[in-house]
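As a plain string of letters, each chain reads:
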Amino acid sequence: MNEKHALVVGGTGMLAKVTLWLADNHANVSVIGRTQKKHRQLLERASDPARLHNIAVDYHDLGALETKLKRAMDEHGPISVVVCWSPFYPAVERIGRVISERTDNWQLYHVKGSRRYFDDEPLRVPASCLYRSIYLGFVSNGNRSRWLTHDEIAAGIIEGVKNDEDRAVVGTIHPYENRPR
Ligand SMILES: NC(=O)c1ccc[n+]([C@@H]2O[C@H](COP(=O)([O-])OP(=O)(O)OC[C@H]3O[C@@H](n4cnc5c(N)ncnc54)[C@H](OP(=O)(O)O)[C@@H]3O)[C@@H](O)[C@H]2O)c1
């Protein structure tokens, strides 16, 4: 049970490539998402599907989230790395509390939309958590701008995890008035 265990919240959507990258570096990756079909599609892209474990839960249901997260750690060991794409901060806090019960040193890479760079909600993270924010910005080409593609988002998050800085931005956030609308 000493093998590394990572968690990706929302890991079947635009973070799919991040999930697959983590699976190449961790023995086990648990993936939170409600839809079995999306998880099966992820498995088809994995070099070792046995490393990926679906936690099928709506993260608004905090009781079910806690139960299933504990079960995943019973099966695959304590979680040491979390990449999280969820705008529902009570779920992020509950995940943090549950992981901290079993791990006294873990990392949370919290992926957020660009608006939160300027105006974020408070989030309580346990002392055992090394907390990192990764903001999703946009691509600016002179007077024109566009949102990031999924590939750009995933590549930027992987870079953020590797660089391990307090705050990272994928694409750009300044000047904010140039964002696509
Ligand atoms: N700055 C930018 O460029 C930027 C920033 C943000 C978003 N976007 C764009 O916006 C699009 C839509 O974003 P999105 O938020 O839908 O992201 P997404 O990554 O496409 O999908 C959300 C992920 O979270 C899971 N999820 C969603 N609600 C959940 C819930 N209640 N409980 C558990 N898991 C849940 C989804 O799986 P299930 O549905 O199976 O639960 C999926 O894995 C993206 O495709 C992206 O292109 C762009």
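Preceding block: the structure.
What this report covers is the structure whose coordinates are included nearby. (Residues numbered from 1 in each chain as written. Predicted model: local features only at pLDDT ≥ 70, side-chain atom pairs only at ≥ 80, totals over all residues. Heavy atoms only, no water.)

1. Examining the packing of aromatic side chains
Applicable threshold: Paired rings are identified among Phe, Tyr and Trp, the last through its six-membered ring, by centres lying within 6.5 Å, and are further divided according to the angle between planes into stacked (under 30 degrees), edge-to-face (over 60) and tilted (the rest). A positively charged side chain is recorded as over a ring if its NZ (Lys) or CZ (Arg) lies within 6 Å of the ring centre. The angle to the ring normal must also be within 35 degrees.
Evaluation of the coordinates by the stated rule reveals four aromatic pairs. When the centroid spacing of 6.4 Å and the interplanar angle of 90° are considered together, the rings of Phe138 and Trp147 count as edge-to-face. The ring of Tyr117 carries Arg167 above its face, with NZ or CZ at 4.6 Å from the centroid. When the ring centre of Tyr176 is taken as origin, the NZ or CZ atom of Arg179, which lies over that ring, is 4.1 Å away.

2. Quick notes on unusual backbone geometry
Defined as follows: Secondary structure elements follow DSSP: runs of H or I no shorter than four residues count as helices, runs of E no shorter than two count as strands, and numbering proceeds from the N terminus. Three labels apply to residues, based on accessible area from a 1.4 Å probe with only protein chains included: buried if under 20% of the type maximum, exposed if over 50%, partly exposed otherwise in between.
Residues His174 and Pro175 are joined by a peptide bond in cis, for which omega reads -10°. With phi around 55°, Asp164 is a residue other than glycine that occupies positive phi space. Looking at the element boundaries, Asp164 is found in the loop between helix H6 (150-163) and strand E9 (167-170). Here Asp164 falls in the partly exposed class, since its relative accessible area comes to 24%.

3. Describing the site of the ligand
Inclusion rule: To be near a molecule or strand, a residue needs just one of its heavy atoms within 4 Å of it. Pairs of N or O atoms are called polar contacts if they sit within 3.5 Å, as long as, within protein, a hydrogen donor faces a hydrogen acceptor (for residues adjacent in sequence, only side-chain-to-side-chain pairs). Here the Shrake-Rupley method, with its probe set to 1.4 Å, supplies the accessible areas, and only the displayed protein chains count as covering residues. Put simply, Ala, Val, Leu, Ile, Met, Phe, Trp, Tyr, Cys and Pro go in the nonpolar bin, Asp, Glu, Lys and Arg in the charged bin, and everything else, Gly too, in the polar bin.
Around the ligand, the structure places 20 residues, and the nearest of them are Thr12, Arg34, Thr35, Lys38 and His150. Thr12 has a polar side-chain atom sitting 2.6 Å from an oxygen atom of the ligand. In the environment of the ligand, an oxygen atom lies 2.9 Å from a nitrogen or oxygen atom belonging to the backbone of Leu148. For the ligand, whose accessible area on its own is 900 Å², the fraction buried by protein is 75%. Among the residues forming the shell around the ligand, the class breakdown is eight nonpolar, nine polar and three charged.

4. Description of the sheet that holds E9
Stated formally: One bridge is not enough; two strands pair if DSSP finds at least two bridges between them. Each axis is a line fitted through C-alpha atoms, and for a helix only the stretch in contact is used; angles between axes span 0 to 180 degrees, taken between their N-to-C directions. By the convention used here, residues are in contact when the closest approach between their heavy atoms is within 4.5 Å.
With parallel pairing, the seven strands of this open sheet are ordered in space as E3-E2-E1-E4-E5-E6-E9. A single partner strand is all that each edge strand has here, and the edge strands are strand E3 (52-55) and E9. Neighbour-to-neighbour, the strand axes of this sheet turn through a mean angle of 20°, independent of strand direction. Here strand E6 (residues 129-136) pairs with E9 via four bridges, running parallel. Each residue of the ladder has a partner; that of Ser133, found in E9, is Arg167. Running over the sheet, helix H1 (residues 16-25) touches strand E1 (5-9), strand E2 (28-32), E3 and strand E4 (81-84) and is turned about 160° from E2.

5. Observations regarding H6
Cut-off, in case you're wondering: Here the expected span of a helix is defined as 1.5 Å times the quantity of residues minus one.
The terminal C-alpha atoms of H6, which comprises 14 residues, lie 20 Å apart, in line with the 20 Å expected from a rise of 1.5 Å per residue. Within H6 the residues assigned to the buried category are Ile153, Ala154, Gly156, Ile157, Ile158, Gly160 and Val161. Summarising the contacts, the buried residues of H6 are in contact with H1, E4, strand E5 (106-113), E6 and E9. Once H6 ends, the next one or two residues include Asp164, with phi positive near 55°.

6. Remarks on the side chain of His110
Considering the arrangement of structural elements, one finds His110 in strand E5. Among the residues examined, His110 registers a relative accessible area of 0% and is labelled buried. Ignoring any residue separated from it by four or fewer positions in sequence, one finds His110 in contact with Cys84, Ser86, Tyr89, Val92, Leu123, Tyr131, Arg132, Ser133 and Ile134.

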